[in-house]
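Coordinate analysis (summary)
The chain contents come next:
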Amino acid sequence: MEVTAKSKTKEDILKAYHFRHATKIFDDTRKISDEDFQFILETGRLSPSSIGLEPWKFLIVQNPNLRKRLSEVSSGAQKQLATASHFVVILARSDASYNSPYAEYMLKETKGMPDDVFELTSQAYGKFQNNQRILDNPRSLFDWASKQTYIALGNMMTAAAQIEIDSCPIEGFSREDVHRIMEDEGLLEDGAWDVSVMAAFGYRVEEPQREKSRQSVEKITQWIN
């Protein structure tokens, strides 16, 4: 019987975390079904983001020529780009300030805020972004948006592991060169987006060579009572 999300136990979920590892080489003869990959994307779409601006876009790069171009400037994705069933470049919004047209679109059109609520909310968000020094410079604003993409990335990898699909997060690339490639392809919408992180999805060729190693929970937690 198929295990549904509601019937998963704590043990099932932890099993998925132990299953997941940074897969370097995928079985290039196996492809993720459309249904399963749409499920993975949906967990990204439903992820939380700071002040709800969802400053992400998922580019699913299946084009062999584009993958080849990316491999030339992505030292950490050589094997994954060549073998992964699905390869995702996650973009972060570069203009997600509280007073941007993008923020207005998200709050009014996506969240349905009336004008009076929007004005009050926008002011509150402006105070938050200033207090956090998010608006100090364009890089600070982009880095803040990029933090949100990692929430979506984590959820997508965990969701994949729960249905026994492998993944690998990838930061090993030349940001400047990948930016140029994406810009050449017309995928950054005149600077509205920029490259945050990459991820590969597919099925492992072999099992990991060693057990997952992590610090103990006592080493990484401190209770303040």
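Residues numbered from 1 in each chain as written. Predicted model: local features only at pLDDT ≥ 70, side-chain atom pairs only at ≥ 80, totals over all residues. Heavy atoms only, no water.

1. Here we look at the pattern of salt bridges
Applying the stated criterion to the full structure yields 15 salt bridges. Across the pair Arg-139 and Asp-143 runs a salt bridge whose closest N-O atoms are separated by 2.7 Å. Here Arg-139 and its partner Asp-143 are both found in helix H7 (residues 138-162), four residues apart, which amounts to about one turn of the helix. When its relative accessible area of 30% is taken as the criterion, Asp-143 is described as partly exposed. Linking Asp-177 and Arg-180 is a salt bridge whose minimum nitrogen-to-oxygen distance equals 3.6 Å. Pair noted here: Asp-177 and Arg-180 are both in helix H8 (residues 175-184), with a separation of three residues, about one helical turn. (Salt bridge = Lys/Arg side-chain N within 4 Å of Asp/Glu carboxyl O. Helix = DSSP H or I, 4+ residues; strand = E, 2+ residues; numbered from the N terminus. Buried < 20%, exposed > 50% of the residue type's maximum accessible area, 1.4 Å probe, protein only.)

2. Notes on the pairing of strand E3 (residues 166-170)
The buried count for E3 comes to four of five residues, which makes it a mostly enclosed element. Where E3 and strand E4 (residues 193-202) come together, five bridges link them in antiparallel fashion. Looking at E4, one finds that Ser-167 is bridged to Phe-201. (Pairing = 2+ DSSP bridges.)

3. Quick word on the sheet that holds strand E2 (residues 86-93)
With respect to topology, four strands assemble into an open sheet ordered E1-E2-E4-E3, the strand pairing being antiparallel. Each having just a single partner strand, strand E1 (56-60) and E3 make up the two edges of the open sheet. Strand-to-strand twist across the sheet, computed as the mean angle between neighbouring axes with direction ignored, equals 25°. (Axes fitted to C-alpha atoms, helices over the stretch in contact; angles between N-to-C directions.)

4. Let's talk about H7
When the terminal C-alpha atoms of H7 are compared, their 37 Å separation across 25 residues agrees well with the 36 Å that a helix rising 1.5 Å per residue should span. In this structure Asn-137 caps H7, since a side-chain oxygen of it lies 3.1 Å from the backbone nitrogen of Arg-139. (Expected span 1.5 Å × (residues − 1). Polar contact = N/O pair within 3.5 Å; in protein donor to acceptor, adjacent residues only side chain to side chain.)

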